[in-house]
Amino acid sequence: MNEENKLERLFDGGLVCGADGCGPIGGEAEGAKEGVTDGANALPGAAGALTGASGADRARRVIPPGATIGVLGGGQLGRMLAHAGSRMGYRFVTLDPTPDSPCGQTAEQIVAGYADREAARELARRADVITYEFENVDAGVAAMLEAESYVPQGSALLHTTQHRLREKRAVEAAGARVAPYAAIASLAELKAAAARLGLPAVLKTATGGYDGKGQWVLRGEADLEPAWLEAERAGTELVLEKFIDFAMEISVIAARRPSGEVRTFPPAENVHVNNILHLSIVPARIGEDVRREAERLAVSIAETLGVVGLIAVEMFVAKNGAIYVNELAPRPHNSGHYTIEACRTSQFEQHIRAICDLPLGDTALLTPVVMANILGEHVAPLLEWMRERDPAAERLGVEPKVHLYGKADAKPKRKMGHVNVLAPDVGAALEWISQSKIWRV
């Protein structure tokens, strides 16, 4: 039985997703015909159905400071979790295959692959609670840890967000729009779906892929066969998404604790360059109605999916104001780094509060801010800039805050750090970034 015909039980609370959509166990799913959905077929009454119902909720427990938090993954997100948590009195241990990983520089480290079950059991022996810092953790290892230790996020959500088709069905079940899409298993299916959905469209791998990897933009019929031949080599299922003529991309990060409390951070307006996040602008330059709806959707998704910890909801805002959910990330997110200095509670502290079932912190914005990513090619000019006073920053009234991740090799396009530019308004921050020599390479 192939993926698109198989029903997947995604959440302990009783949601199933398959080729025809998602719905509660015992009910009938509604949705796509001929493998295509219009992106707006939400199941009535599904939103909120799973609140408090997941296995993690049933086994919830308060993890007080002094306990040890285990982190699957040793990248920069784990590093910043450890920074925030150590201030609260927690200890950290991480599992990552790279010696002296970014998180390993601030925590104990088990050097082993993510699929190494004995290493994962060692992580469980050392930790009182386990979290993950990126979604490509081996879902089987996460499920084993869930059974043998305390993983309040669970493995079901990880299983869902690792696969674009499962993720889209879950988003629709939460009452949100997604771009019209089709599952693709052959060149003939690609051609037929392109004719139904229209071009331009984007062909994506159903699993893996980030920062533009595993994606092919199809602007005309001549692009179909070359894209298929290249995508087929990925050896994974594929999904075709209709291109949305959007005005901007935004993201909302929501936090939910096992006892059910949910809070959202202010929406970020995101700017990508070469499919890599370049800027997150906060407050986002959107209307109040769009802001409220984006936050409502993030809460609905967090509650429907029984999220514990953070979930980042990436969205397109169409030119007519309609909101389409693009992707989910069940972890701290690049577009939430602005919260470290600009909000009363950072996303990293909030994630720790959520998985430890502590009261969630205030997410109010303290200052306008623009977060700018530092890639490998930006490191040298950044370090040069740090040596001298900056008259432009003083003139504009901005305060750039540098965060470097401790990675060994500054490779081009590799995320090496970020700068949070605190400012009297986002215009001043954007002007400083445009004048700076850091991002001119």
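Refer to the structure printed above.
The written sequence of each chain sets the order in which its residues are numbered from 1. Per-residue local features are limited, in this predicted model, to residues with pLDDT of at least 70; the limit for side-chain atom pairs, both in listing and counting, is 80 or more; totals at the level of whole chains, interfaces and linings are taken over all residues. Side-chain metrics in this entry use all non-hydrogen atoms of the structure; hydrogen atoms and water are not considered.

A.B. asks: Even after reading the chapter, I still don't get the sheet that holds strand 6 (residues 91-96), so can you show me in this structure?
C.D. replies: By way of backbone hydrogen bonds, the strands of a sheet pair with one another, either parallel or antiparallel. If you walk across this open sheet you meet the four strands as 7-6-5-8, and the pairing is parallel. Every interior strand has two partners, whereas the edge strands, strand 7 (108-111) and strand 8 (129-132), have only one. For this sheet, the mean angle separating the axes of adjacent strands, direction not counted, is 25 degrees. Here, a strand pair is defined by DSSP locating no fewer than two bridges between the strands. For helices the rule is a DSSP run of H or I covering at least 4 residues; for strands it is a run of E covering at least 2, with both sets numbered from the N terminus onward. As defined by bridge partners, strand 5 (residues 68-72) adjoins strand 8 across four bridges and the pair is classed as parallel. Of the residues in strand 8, the one forming a bridge with Gly70 is Ile130. Two residues form a contact once any of their heavy atoms are found within 4.5 Å. Here an angle of 0 to 180 degrees is reported between the N-to-C directions of two axes, which are lines fitted to C-alpha atoms, with helices fitted over the stretch in contact. Packing against the sheet, helix 3 (residues 117-126) makes contact with strand 5, strand 6, strand 7 and strand 8, and its axis sits at approximately 180 degrees to strand 6.

A.B. asks: Where do I start with the packing of aromatic side chains in this structure?
C.D. replies: For any pair of aromatic rings, geometry is given as the distance between the ring centres together with the angle between the planes. To pair, rings of Phe, Tyr and Trp, with the six-membered ring standing in for Trp, must have centres within 6.5 Å; the planes then decide the type, stacked if under 30 degrees apart, edge-to-face if over 60, and tilted in the middle. Summed over all chains, the structure comprises five aromatic pairs. With centroids separated by 6.5 Å and ring planes inclined at 40 degrees, the aromatic side chains of Phe243 and Phe246 adopt a geometry described as tilted. With 4.7 Å between their ring centres and 15 degrees between their planes, Phe246 and Phe316 make a pair best called stacked. Here Phe246 is found in strand 13 (residues 246-256), whereas its partner Phe316 is found in strand 17 (residues 309-318), with 70 residues between them in sequence. Phe316 sits in the buried class, given a relative accessible area of 14%. Within the aromatic cluster, the residues linked to one another by ring pairs are Phe243, Phe246 and Phe316. Exposure classes here rest on a 1.4 Å probe applied to the protein chains alone. A residue is buried below 20% of its type maximum, exposed above 50%, and partly exposed in between.

A.B. asks: Looking at this model, I keep getting lost on helix 11 (residues 347-355). Mind explaining?
C.D. replies: Turn by turn, an α-helix covers 3.6 residues, leaving residues three or four places apart pointing in a common direction. Here helix 11 lies mainly inside the structure; seven of its nine residues are buried. When we look at burial in helix 11, the residues that qualify are Gln347, Phe348, Gln350, His351, Ile352, Ala354 and Ile355. Among the residues trailing helix 11, Asp357 stands out with phi positive, at a value near 55 degrees.

A.B. asks: For this particular structure, what's the right way to read the pairing of strand 19 (residues 369-375)?
C.D. replies: On a regular strand, one side chain projects to one face of the sheet and the next to the other, so that they alternate. In terms of burial, strand 19 is a largely internal element, seven of the seven residues being buried. Burial along strand 19 is two-sided: the residues Val369, Met371, Asn373 and Leu375 and Val370, Ala372 and Ile374 are all buried. One ladder, built from seven bridges, connects strand 19 with strand 21 (residues 415-422); its direction is antiparallel. When the bridges of strand 21 are listed, Ala372 appears paired with Val419.

A.B. asks: Is there a simple way to think about the nonpolar core in this case?
C.D. replies: General note: in soluble globular proteins, nonpolar side chains tend to be found buried as a group. The term nonpolar core refers to a set of buried residues drawn from Ala, Val, Leu, Ile, Met, Phe, Trp, Tyr and Cys, joined through side-chain atoms within 4.5 Å. Counting residues in each nonpolar core, the largest one holds 29 residues, and the members touching the most others are Ile301, Ile311, Met315, Val325 and Leu328. Per-element accounting of this core gives the leading share, six residues, to helix 9 (residues 288-304). Discounting residues that sit within four places of it in the chain, Met315 has contacts with Met248, Glu249, Ile250, Val252, Ala294, Leu297, Ala298, Ile323, Tyr324, Val325 and Asn326. Val71, Ala107, Ile355 and Tyr405 belong to the second largest nonpolar core, which has 22 residues in total.

A.B. asks: Even after reading the chapter, I still don't get the pattern of salt bridges, so can you show me in this structure?
C.D. replies: Side-chain pairs of opposite charge can arise where the charged atoms are in close proximity. We count a salt bridge whenever a side-chain nitrogen from Lys or Arg sits within 4 Å of a carboxyl oxygen from Asp or Glu. Taken as a whole and judged by the stated rule, the model has 24 salt bridges. Residue Arg164 is joined to Glu327 by a salt bridge in which the shortest nitrogen-to-oxygen separation is 2.5 Å. In this pair, Arg164 sits in helix 6 (residues 164-173) while Glu327 sits in strand 18 (residues 323-329), placing the two residues 163 residues apart along the sequence. Exposure class is identical for Arg164 and Glu327. Each is buried. Three or more residues are tied together by salt bridges with common partners; here these are Glu288, Asp289, Arg291, Arg292 and Glu295.

A.B. asks: What exactly am I supposed to notice about the packing of helix 7 (residues 187-197) against helix 8 (residues 224-232) here?
C.D. replies: Geometry of a packed helix pair, given as the angle between the helix axes and the separation of the axes. One can describe the packing of helix 7 onto helix 8 by two numbers: an axis separation of 10 Å at closest approach and a directional angle of 135 degrees. The angle between helix 7 and helix 8 places the two elements in the oblique class. Of the two possible hands of crossing, helix 7 and helix 8 adopt the one that is right-handed. From helix 7, Leu187, Leu190, Lys191 and Ala194 reach across to helix 8, where they touch Leu224, Glu225 and Trp228. Just so you know how the angles are binned, under 35 degrees is roughly parallel, over 145 roughly antiparallel, 65 to 115 roughly perpendicular, and the rest oblique. Should the near helix be turned anticlockwise from the far one by less than a right angle, the crossing is left-handed, and should it be turned clockwise, the crossing is right-handed.

A.B. asks: I tried to follow the side chain of Thr339 on my own but got confused; where do I start?
C.D. replies: Mapped onto the secondary structure, Thr339 falls in helix 10 (residues 339-342). A relative accessible area of 0% means that Thr339 is categorised as buried. In protein, a polar contact requires one atom able to donate a hydrogen and another able to accept it; more generally it is a pair of N or O atoms within 3.5 Å, and residues adjacent in sequence count only if both atoms are side-chain atoms. A distance of 2.8 Å separates a polar side-chain atom of Thr339 from the backbone nitrogen of Gln347. If near-sequence neighbours (up to four positions away) are discounted, Thr339 is found in contact with Phe265, Thr345, Ser346 and Gln347.

A.B. asks: Just checking my understanding: could you explain the pairing of strand 18 for this structure?
C.D. replies: Of all seven residues in strand 18, seven are buried, a share of seventy percent or more. Where strand 17 lies against strand 18, six bridges are found, and the strand directions are antiparallel. Bridging across to strand 18, Ala312 finds its partner in Ala329. Hairpin connection from strand 17 to strand 18: four residues lie between these consecutive antiparallel strands, with Gly321 at a positive phi of about 90 degrees.

Functional significance is not addressed by these values, which are geometric in nature.
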